[in-house]
Amino acid sequence: MTECSCNTNTKAVDCRGRGLYDIPRRLHPDTQELYLQDNRIRGLGSMAFREIPLVRVLNLSNNSITSVSPTALLGLRTLQHLSLAHNSLRELDKRLFGPIHSLSHLDLSHNSLWGLSGAMGEHLRNLSHLGLAHNRLTRLDRSVLEALAHLDSLTLRGNPWKCDCHLIGLKLWLETYLFKGGVVDEVLCSQPIEMRDRDLQKVPYQLFHACMTTSYHYLFANIHHLESERLLRGHMHGNHAHPSSHALHVPMAMGEGFGGGGVNIPECETKQRQRPVNLRHAIATVIITGVVCGIVCLMMLAAAVYGCAYAAIMAKYQRELKKNEELAAARAADHARLDEKEPLENAIA
């Protein structure tokens, strides 16, 4: 190879800034790192990296990539780090990451992505970092994020988020994610106008109160739609679908995702209220309530023990008092008999 430099010790191939329009050929099959950033690559065809099946790091940032074949990464079973940042991607096929189970770092920032398929999360379960900053995301399917059980950091800033009923699922997920120690930058609302530049994490839940009521009658229709889709999928795949595909998420039924699970939900106006409520406050309330209930139970137990002890003492006292009264009565009767007996004896004498 003349256009790229190779490092035999690290098994890294450096093709940065070489003006390449395509993936270079005749790459060594033992290559573990491939750097292709700052070129002019416009697309990735099927099995574009079949010559380097052992690659672990693949950097394609700052190119002109507009399309990626669903089978472009086929064969890369050891890929751990993938960067497609600073390109012109508008969408990614849900099958793209299917063959990869070792991917831990995925950077899709600075593209034109408008959304991610819910099924994509099933193939990214080992992901620890996901970069989605500076795209065209207005909403994000909660099922994608829920599948990322090992996610440590997430970037979402720079997207035109639409903070309406469709985004409440993301807000709920973020609360749980942050509570578990996850790291996320920020989700600033772009729409509606009255919520522009507000951080979604700091928006009170009361502002989404209208969503719970206006979309309630769509809930059962969406559940029926999702259940029918699940049964059809299970029939087509011989009932071997992944268990998580059988789960019905209430936020999806309330309009989360793209198209609201097949039913279009009308936009709802946010209800202006204050007094924010979040997961931390709810958990703190539960803990405080538990502590108070515990103290009350201990006080009731102490009162019961005291009552039982007092009753036992009083019962013993009453028994002794009654016994003493009976003894006193017996003695009085004996004295009375003696008094009656003495005059009789005197008379006889």
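### A word on the environment of Glu122
1) Next: Examined against the element boundaries, Glu122 turns out to sit in the loop between β8 (105-107) and β9 (129-131).
2) Next: For Glu122, a relative accessible area of 28% puts it in the partly exposed group.
3) Next: Through-space distance from the C-alpha of Glu122 to that of Ser143 is 9.0 Å; in sequence the pair is 21 residues apart.
4) Next: Within the local environment of Glu122, its side chain forms a polar contact with the side chain of Arg125, the two groups lying 2.7 Å apart.

### Focus on the packing of aromatic side chains
1) Next: Inspection of every chain in the model, using the stated rule, returns 2 aromatic pairs.
2) Next: Seen in terms of ring centroids, Trp173 and Tyr177 are 4.6 Å apart; in terms of plane orientation they differ by 15°. Their pairing is stacked. Here Trp173 and its partner Tyr177 are both found in helix α2 (residues 168-179), 4 residues apart, which amounts to about one turn of the helix. This pair shows no difference in class: Trp173 is buried, exactly as Tyr177 is.
3) Next: Residues Tyr306 and Tyr310 carry aromatic rings whose centres are separated by 6.4 Å and whose planes lie at 20° to one another, so their mutual orientation is stacked. In this pair, Tyr306 and Tyr310 both sit in helix α6 (residues 279-348), 4 residues apart, roughly one turn of the helix.
4) Next: You can call Tyr310 partly exposed: its relative accessible area is 48%.

### Some points on the sheet that holds strand β1 (residues 5-7)
1) Next: If you trace the 9 strands from one edge of the open sheet to the other, you get β1-β2-β3-β5-β7-β8-β9-β10-β12, paired in mixed fashion. Two strands lie at the open edges of the sheet, namely β1 and β12 (183-184), each paired on one side alone.
2) Next: Note: β9 against strand β10 (residues 153-155), 3 bridges, orientation parallel. Note that in β10 the partner of Leu130 across the bridge is Leu154.

### Section: the layout of surface pockets
1) Next: Put simply, the second largest pocket is a space of about 250 Å³.
2) Next: Taken together, 13 residues line the second largest pocket, and the ones lying closest to its centre are Leu148, Ala149, Trp173, Tyr177 and Lys180.
3) Next: Elements with a contribution of two residues or more to the lining of the second largest pocket: α1 (142-146) and α2.
4) Next: Along the lines of polarity and charge, the residues of the lining of the second largest pocket split into 6 nonpolar, 3 polar and 4 charged.

### Regarding the state of the cysteines
1) Next: In this structure the tally under the stated criterion is 2 disulfides.
2) Next: Each sulfur in the disulfide pair Cys4 and Cys15 lies 1.9 Å from the other. Its S-S torsion of about 115° marks the bond between Cys4 and Cys15 as right-handed, since a negative value means left-handed. In this pair, Cys4 sits in the segment before β1 while Cys15 sits in the loop between β2 (12-14) and β3 (33-35), placing the two residues 11 residues apart along the sequence.
3) Next: The disulfide partner of Cys163 is Cys189, and the S-S distance across this bridge is 1.9 Å. Of note, the bridge from Cys163 to Cys189 carries an S-S torsion of about -90° and is left-handed in sense. With Cys163 in the loop between β11 (161-162) and α2 and Cys189 in strand β13 (residues 189-191), the pair connects residues that are 26 residues apart, well separated along the chain.

### As for the pattern of salt bridges
1) Next: Considering all chains together, one arrives at 6 salt bridges under this definition.
2) Next: Glu33 is paired through a salt bridge with Arg56; the nearest N and O atoms lie 3.8 Å apart. Placement of Glu33 in strand β3 and of Arg56 in the loop between β4 (43-44) and β5 (57-59) is noted, with a sequence separation of 23 residues between them.
3) Next: By relative accessible area, which is 18% here, Glu33 ends up buried.
4) Next: Exposure remark for Arg56: the relative accessible area of 27% places this residue in the partly exposed category.
5) Next: Here Arg125 makes a salt bridge to Glu122, at a shortest N to O gap of 2.7 Å.

Definitions and cut-offs
Residues numbered from 1 in each chain as written. Predicted model: local features only at pLDDT ≥ 70, side-chain atom pairs only at ≥ 80, totals over all residues. Heavy atoms only, no water. Helix = DSSP H or I, 4+ residues; strand = E, 2+ residues; numbered from the N terminus. Buried < 20%, exposed > 50% of the residue type's maximum accessible area, 1.4 Å probe, protein only. Polar contact = N/O pair within 3.5 Å; in protein donor to acceptor, adjacent residues only side chain to side chain. Phe/Tyr/Trp six-rings, centres within 6.5 Å; stacked < 30°, edge-to-face > 60°. Pairing = 2+ DSSP bridges. 1 Å grid on protein atoms, 1.4 Å probe; cavity = no way out; pocket = protein on both sides within 12 Å on 5 of 7 lines; lining within 4 Å. Points joined across faces, edges and corners; volume = space filled by probe spheres on them. Nonpolar A, V, L, I, M, F, W, Y, C, P; charged D, E, K, R; others polar. Disulfide = S-S within 2.5 Å. Salt bridge = Lys/Arg side-chain N within 4 Å of Asp/Glu carboxyl O.

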